[in-house]
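Listed below are the residues making up each chain.
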Amino acid sequence: MKTHAIIPIFIPHLGCPNDCVFCNQKKITAKAKPLSSEDMIEMIERYLKTITGRGIETTEIAFYGGSFTGIPMNQQMEYLSVARQYKDKGFVQKIHLSTRPDFIDENILTNLKNFEVDIIELGVQSFDEEVLRLSNRGHNRGVVFTASGMIKDYGFELGLQLMIGLP
């Protein structure tokens, strides 16, 4: 029996300054405009109805499809405020987000701690400098190690996204 559920919130390409060779979030998600708080609430409520009473022990709200910590701070706080309301009420147990390793610093991590974010997933894609350059990532592998260390030091769960088959 499944005991873990993820409520995916897609923020297509928000916060990302690059056009990596493998990414077209607007096409993948079929969303062209940013998500509003009202849209987010509607989506969360719809998902919660499908998982309530099914033996799910852990539910998380997860932000995908963009670089969450690259979007303007006021917009991050708006999205995280909605997610935290559901966490505070016990409807979800974790808040999860995806971002770029070069968009991690102390101010960002402090803000994420204040909103009780649990999991930070870094879009690393590769540790090979040439692959990162040819993929138009806009960062090097050293940034990955620095960001990963900071995330762990702040007590977050860390996930790394890697891709095979890049140029």
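Heads up: the structure comes first, above all this text.
Below you will find a few notes about this structure. (Residues numbered from 1 in each chain as written. Predicted model: local features only at pLDDT ≥ 70, side-chain atom pairs only at ≥ 80, totals over all residues. Heavy atoms only, no water.)

So, the overall build of the protein chain
From N to C terminus, the protein chain includes six helices and five strands. Taken from the N to the C terminus, the helices and strands of the protein chain come in the order β-α-α-β-α-β-α-β-α-α-β. The 167 residues of the protein chain split such that 46% are buried. For the protein chain, restricting intrachain contacts to residue pairs at least 6 apart in sequence, the fraction spanning at least 24 positions comes to 75%. Carbon and sulfur atoms provide 52% of the accessible area of the protein chain, an area that totals close to 8,700 Å². (Helix = DSSP H or I, 4+ residues; strand = E, 2+ residues; numbered from the N terminus. Buried < 20%, exposed > 50% of the residue type's maximum accessible area, 1.4 Å probe, protein only. Contact = heavy atoms within 4.5 Å. Areas by Shrake-Rupley, 256 points an atom, 1.4 Å probe, with all protein chains shown as cover.)

A closer look at the pairing of strand S2 (residues 58–64)
Both faces of the sheet carry side chains from a regular strand, because those side chains alternate between them. Among the seven residues of S2, six are classified as buried, and the element is accordingly described as predominantly covered. By the bridge criterion, seven bridges tie strand S1 (residues 4–10) to S2 in an arrangement that is parallel. Bridged to isoleucine 6 within S2 is glutamate 60. Two elements, S2 and strand S3 (residues 94–99), share four bridges in a ladder whose sense is parallel. Its bridge partner lying in S3, isoleucine 61 is registered against isoleucine 95. Note that the unit made of S2, helix H3 (residues 73–88) and S3 has a crossover that is right-handed. (Pairing = 2+ DSSP bridges. Right-handed = clockwise from strand over helix to strand, strands pointing away.)

Observations regarding unusual backbone geometry
Located in the positive-phi region is glutamate 116, a residue other than glycine, with phi close to 60 degrees. With respect to the helices, strands and loops of the structure, glutamate 116 is situated in the loop between helix H4 (106–114) and strand S4 (119–125).

Points about the packing of aromatic side chains
For the structure on display, the rule yields five aromatic pairs. Between the aromatic rings of phenylalanine 63 and phenylalanine 68, the centroid separation amounts to 4.7 Å while the plane-to-plane angle is 45 degrees, which identifies the pairing as tilted. Residue class for phenylalanine 63 comes out buried when judged on its relative accessible area of 1%. When its relative accessible area of 0% is taken as the criterion, phenylalanine 68 is described as buried. Through successive ring pairs, a cluster of aromatic residues spans Phe63, Phe68 and Tyr79. The ring of phenylalanine 103 carries the charged tip of arginine 100 above its face, separated from the ring centre by 5.6 Å. (Phe/Tyr/Trp six-rings, centres within 6.5 Å; stacked < 30°, edge-to-face > 60°. Lys NZ or Arg CZ within 6 Å of the ring centre and 35° of its normal.)

Regarding the side chain of serine 148
Along the polypeptide, serine 148 turns up in helix H6 (residues 141–153). In this structure the side chain of serine 148 is engaged in a polar contact, spanning 2.8 Å, whose partner is the backbone oxygen of valine 144. When residues no more than four places from it in sequence are discounted, the contact partners of serine 148 are Leu122, Leu158 and Leu160. (Polar contact = N/O pair within 3.5 Å; in protein donor to acceptor, adjacent residues only side chain to side chain.)

Focus on the environment of isoleucine 71
With respect to the helices, strands and loops of the structure, isoleucine 71 is situated in the loop between S2 and H3. The spatial distance from the C-alpha of isoleucine 71 to the C-alpha of isoleucine 11 is 9.7 Å, given a sequence separation of 60 residues.

Focus on the nonpolar core
By size, the foremost hydrophobic cluster in this structure holds 35 residues, and its most contacted members are Ile9, Met40, Ile44, Ile61, Phe63, Leu112 and Ile120. Breaking this core down by element, the ones donating at least two residues are S1, helix H2 (37–51), S2, H3, S3, H4, S4 and H6. In this structure isoleucine 61 touches Ile7, Ile9, Ile44, Ala83, Tyr86, Val92, Lys94, Ile95 and His96, once residues within four positions along its chain are discounted. (Core = buried A, V, L, I, M, F, W, Y, C linked by side-chain atoms within 4.5 Å.)

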